[in-house]
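Descriptive structure summary
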Amino acid sequence: MAKDPLPSWRAGKVKSAILDFVARVTDPGGADFVPAPQRVAAFDNDGTLWCEQPFLPQFYFASERLDALVKREPELAGRVPFKPYVERDLPAIKQLGKRGLLEVVAAVHGGTTVDEFAAIAREWLGRATNPKLGRRFVDLVYVPQLELLDYLRANGFKCFIVSGGGIDLIRGFAENVYGIPPEQVVGSSERLHFEMRGDKGVIVKEAALASFDDREVKPVNIALHIGRRPILVFGNSDGDLAMMRYALSGEGASLALLLHHDDATREFEYDRDYVISPLSEALEKAGDYGITLVSMKGDWDRVFAG
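The following refers to the structure shown. (Residues numbered from 1 in each chain as written. Predicted model: local features only at pLDDT ≥ 70, side-chain atom pairs only at ≥ 80, totals over all residues. Heavy atoms only, no water.)

1. What to know about the nonpolar core
Ranked by internal contacts, the top residues of the largest apolar core, which has 70 residues, are Phe43, Phe157 and Tyr178. The biggest single contributor to this core is helix H2 (residues 57–72), with six residues. Residues within four places of Phe43 in sequence aside, it is in contact with Leu49, Gln145, Leu148, Leu149, Leu152, Cys159, Phe160, Ile161, Val162, Leu232, Phe234 and Met243. Membership of the second largest hydrophobic core comes to 20 residues, among which are Val40, Val162, Leu241 and Ala286. (Core = buried A, V, L, I, M, F, W, Y, C linked by side-chain atoms within 4.5 Å. Buried < 20%, exposed > 50% of the residue type's maximum accessible area, 1.4 Å probe, protein only. Helix = DSSP H or I, 4+ residues; strand = E, 2+ residues; numbered from the N terminus. Contact = heavy atoms within 4.5 Å.)

In structure tokens form, the structure reads like this:
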């Protein structure tokens, strides 16, 4: 008997749909065969590949970096967009949404080079822990998704992250944790410019957001940065709906998967009420749109490692 490539996925319609899809697009003699260069898979990150509760990991990163900046420049504490973060005013922070969070990250790191930011991100990711679960954020990745990434790569797929999160923070861990190199990460980004510092050319972050990679911007950035329409997309919120529909409306076989966080025992249970990145339209219309709904509670035999 062949080894199960997805041992943490429970037997059922969803697992069968994944296995059947991969078998069809990789069968040279089949009607749905897709040549390897066209086997592109796009995964959201927050809430799809790693845990995004009780708040986005990027929030904790931004808050820590802002605190350090305010110690040096106290007058910033009363300014927008910093004030809600300094005061930990969660209702106000939620009202500003994910875009507001990324604007804070951009403002805090203006003048930082891409290389300097990478070192800062790696140091933080190496020690930062989820306040609710007590484990490092980078250890709270979903085991079934790691198996799926490996399975897809073993079958000639090229896997990308297409996330609303900051591109450089994700690049700080994606290769080590997911096996996805920096050039296969698409995310929200700050404005950048090139300059010479002494005899070294550097890329410098500006204190302004350039691209907020969410909702309809996701398929636009896929076209811009990847150049191929994905045939498999995996997300967990309405922010991923546009790229799901983009994949499903292409020619040939395609598969869009939507993770529903319905497991309060092993992780968290939420959907429409999550202000930062709600799951509403995609959940209600999954059947109409041809999206395969994945239940964390019902379809995953395990969630985290250990």
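2. Some points on the packing of helix H1 (residues 13–25) against helix H6 (residues 143–154)
One way to put it is that H1 packs onto H6 with a least axis distance of 11 Å and a crossing angle of 15°. With respect to H6, the axis of H1 lies roughly parallel. Like other packed secondary-structure pairs, H1 and H6 cross with a definite hand, here right-handed. Contact with H1, carried on its side by Ile18, Leu19 and Val22, involves Leu148, Tyr151 and Leu152 of H6 and no other residues of that element. Looking at side-chain class alone, the contact of H1 with H6 contains six nonpolar, no polar and no charged residues. (Axes fitted to C-alpha atoms, helices over the stretch in contact; angles between N-to-C directions. Parallel < 35°, antiparallel > 145°, perpendicular 65-115°, else oblique. Left-handed = near helix turned anticlockwise from the far one by under 90°. Nonpolar A, V, L, I, M, F, W, Y, C, P; charged D, E, K, R; others polar.)

3. Looking at the packing of aromatic side chains
Counted under the stated rule, the structure contains 16 aromatic pairs. Relative to Tyr60, the ring of Phe59 has its centre 5.0 Å away and its plane inclined at 75°; by these criteria the two rings are edge-to-face. Since its relative accessible area comes to 21%, Tyr60 is described here as partly exposed. Relative to Trp124, the ring of Phe61 has its centre 5.2 Å away and its plane inclined at 70°; by these criteria the two rings are edge-to-face. Residue Phe61 is found in helix H2, and its partner Trp124 is found in helix H5 (residues 114–125); the two are separated by 63 residues along the sequence. Note on Trp124: relative accessible area 2%, which makes it buried. Clustering of aromatic rings is evident, with ring pairs tying together Trp50, Phe55, Phe59, Tyr60, Phe61, Tyr85, Phe117, Trp124, Phe137, Phe173 and Tyr178. For Lys205, the ring lying beneath its charged end belongs to Phe117, and the centroid distance is 4.5 Å. A cation over an aromatic ring shows up here: Arg245 above the ring of Tyr289, its NZ or CZ 3.8 Å from the ring centre. (Phe/Tyr/Trp six-rings, centres within 6.5 Å; stacked < 30°, edge-to-face > 60°. Lys NZ or Arg CZ within 6 Å of the ring centre and 35° of its normal.)

4. Concerning the side chain of His261
Here His261 lies in strand S6 (residues 255–262). Separated by 2.7 Å, the side chain of His261 and the backbone oxygen of Gly47 make a polar contact. Here the side chain of His261 touches Glu267 through a polar contact of 2.8 Å, side chain to side chain. His261 has contacts with Gly47, Tyr142, Asn236, Glu267, Phe268, Glu269, Tyr270 and Met296, leaving out every residue within four places of it along the chain. (Polar contact = N/O pair within 3.5 Å; in protein donor to acceptor, adjacent residues only side chain to side chain.)

5. Details of the environment of Lys13
The topology assignment puts Lys13 in helix H1. For Lys13 and Val294, which are 281 residues apart along the polypeptide, the C-alpha to C-alpha distance reads 9.5 Å.

6. Observations regarding a nonpolar patch on the surface
A contiguous nonpolar surface patch, about 400 Å² in accessible area, is contributed by Leu192, Phe194, Met196 and Ile203. Take the nonpolar patch: its biggest share by element is three residues, from strand S3 (residues 185–197). Here Phe194 is to be found in strand S3. According to the relative accessible area criterion, Phe194 is exposed, its value standing at 54%. (Patch = residues over 30% accessible without salt bridge, like charges linked within 9 Å, V, L, I, M, F, W, Y side chains within 5 Å. Areas by Shrake-Rupley, 256 points an atom, 1.4 Å probe, with all protein chains shown as cover. Salt bridge = Lys/Arg side-chain N within 4 Å of Asp/Glu carboxyl O.)

7. Some points on the side chain of Glu147
Inspection of the secondary structure puts Glu147 in helix H6. A distance of 2.7 Å separates a polar atom in the side chain of Glu147 from a polar atom in the side chain of Ser8. Not counting residues within four places of it along the chain, the set of residues in contact with Glu147 comprises Pro5, Leu6, Pro7, Ser8 and Trp9.

8. Observations regarding the environment of Tyr274
Relative to the assigned elements, Tyr274 resides in the loop between strand S7 (269–270) and helix H11 (281–284). Taking the C-alpha atoms as reference, Tyr274 lies 9.7 Å from Phe55; in sequence the two are 219 residues apart.

9. Describing the pairing of strand S1 (residues 40–43)
Along S1, one buried face is formed by Val40 and Ala42 and the opposite face, lined by Ala41 and Phe43, is buried too. Bridge analysis of S1 against strand S5 (residues 232–235) gives three bridges, and the strand direction is parallel. Paired with Ala41 across the two strands is Leu232, which belongs to S5. (Pairing = 2+ DSSP bridges.)

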